[in-house]
Amino acid sequence: MKIDVIALFPEIIIPALRVSILKRAQDAGFLTVNVHNLRDFATDRHQSVDDYPYGGGAGMILKPEPLFAAIRALSPESNTRVIYLTPQGKPCTQQLAEALSLESHIILICGRYKGIDERVRQRLVTDEISIGDYVLSGGEIPALVLIDTIGRVLPGVLGDYESAQDDSFSQQLLDHPHYTRPADFEGMNVPEVLLSGHHEKITRWKYEESLRRTAVRRPDLLKEIELTEEDTNFLREPNASEGI
Ligand code: ADE
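Just so you know, these numbers come straight off a predicted model, no measurement behind them.

> Residues and numbers for the overall build of the chain, please.
When helices and strands are tallied, the chain shows 11 helices and nine strands. For the chain, whose C-alpha radius of gyration is 23 Å, the value lies well above the compact-globule estimate of 18 Å for 244 residues. Overall size of the chain, expressed as C-alpha extent along the three principal axes, is 70 × 40 × 40 Å. Here the chain, with 244 residues, has 41% of them falling under the buried criterion. The long-range fraction of contacts in the chain, counting pairs at least 24 apart against all pairs at least 6 apart in sequence, stands at 74%.

> Tell me about the domain arrangement of the chain, and please be specific about residues and values.
Domains assigned within the chain are domain 1 (2–151) and domain 2 (171–241). Using only C-alpha atoms to locate each centre, domain 1 and domain 2 end up separated by 38 Å.

> Provide a residue-level description of the site of the ligand, including the pertinent values.
Neighbouring residues of the ligand: L85, T86, P87, I129, S130, I131, G132, Y134, V135, L136, G138 and P142. Between the ligand and T86 there is a distance of 3.1 Å, counted from a nitrogen atom to a backbone nitrogen or oxygen. At 3.0 Å from a nitrogen atom of the ligand is found a main-chain nitrogen or oxygen belonging to I131. Here the ligand has 260 Å² of accessible area as a free molecule, and 96% of this is covered by the chains. Broken down by secondary-structure element, the contributors of at least two residues to the shell around the ligand are β5 (81–91) and β7 (127–130). Among the elements that make up the shell around the ligand, the one with the highest residue count is β5 (three residues).

> Requested: an account of the pairing of strand β6 (residues 105–110), with residues and values cited.
Each regular strand displays side chains that alternate between the two surfaces of the sheet. Of all six residues making up β6, six are buried, and the element is well covered by its neighbours. For strand β1 (residues 2–7) and β6, the ladder comprises five bridges, and the chain directions are parallel. Each residue of the ladder has a partner; that of K2, found in β6, is H105. Sheet topology places β5 next to β6; five bridges connect them, and they run parallel. Opposite L85, over in β6, you have C110 as the bridge partner. Following the chain from β5 across helix α4 (residues 94–100) to the adjacent parallel β6, one finds a crossover that is right-handed.

> Lay out the state of the cysteines with the relevant residues and their values.
Applying the stated criterion to the full structure yields zero disulfides. Not part of a disulfide, C110 finds its nearest cysteine sulfur in C92, a span of 13 Å. Overall, C110 belongs to the buried group, its relative accessible area being 2%.

Criteria and cut-off values
- Residues numbered from 1 in each chain as written.
- Predicted model: local features only at pLDDT ≥ 70, side-chain atom pairs only at ≥ 80, totals over all residues.
- Heavy atoms only, no water.
- Helix = DSSP H or I, 4+ residues; strand = E, 2+ residues; numbered from the N terminus.
- Rg over C-alpha atoms; globule rule 2.2 N^0.38 Å.
- Buried < 20%, exposed > 50% of the residue type's maximum accessible area, 1.4 Å probe, protein only.
- Contact = heavy atoms within 4.5 Å.
- Domains from an automatic or database assignment.
- Near = heavy atom within 4 Å.
- Polar contact = N/O pair within 3.5 Å; in protein donor to acceptor, adjacent residues only side chain to side chain.
- Areas by Shrake-Rupley, 256 points an atom, 1.4 Å probe, with all protein chains shown as cover.
- Pairing = 2+ DSSP bridges.
- Right-handed = clockwise from strand over helix to strand, strands pointing away.
- Disulfide = S-S within 2.5 Å.

Structure below.
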């Protein structure tokens, strides 16, 4: 998969692409990320990328010419998704990241200042994505969030793909608690069932822990999935939300 990013501050993004899973994904050829500096596509002699808003008001707007030039230079196919990171976009979810990971080429536009000229949205942008209901000073960090989320679900990237399938949100549930050695740490003991070696019981325990954690912390997620009678009964138990 190829991701082209257009940003005014590539230096925010580039270092994070050079470590850990994203580095591995690129080294192994699963992912190519090119970060382009919007200023390189400025069309006037002052290399300006922003201008005052028509109608007045605070803040500067990213001009249409450099953004149009940048996107045209990347020769998008007719099906290339051109994604603008903005708090006005649809929420970035695991499902959305998994859907995007199936694309062969996407282009990310990072805004700055008050945002981009509306005509870029109208003519070039196919999707708008928000990473949450808060405002960052630019789209570089949101772009990185999206690249990271997509990069780690590309088939083959995680050594043990199982570990992505167990993540929070992969089954619309939050992840269950995890423990490692020692079994007794300052009197706090690992749940007996995890030491039992009984795989069926362990699987059920993990599922129930996911279920009750989700019910307590993110009840909104539970509305999206179908629970069995056994699940509903489990959640009705008086101590189901203890210790969460
Ligand atoms: N740019 C500024 N804030 C943002 C957000 N919350 N999501 C995506 N892009 C943004």
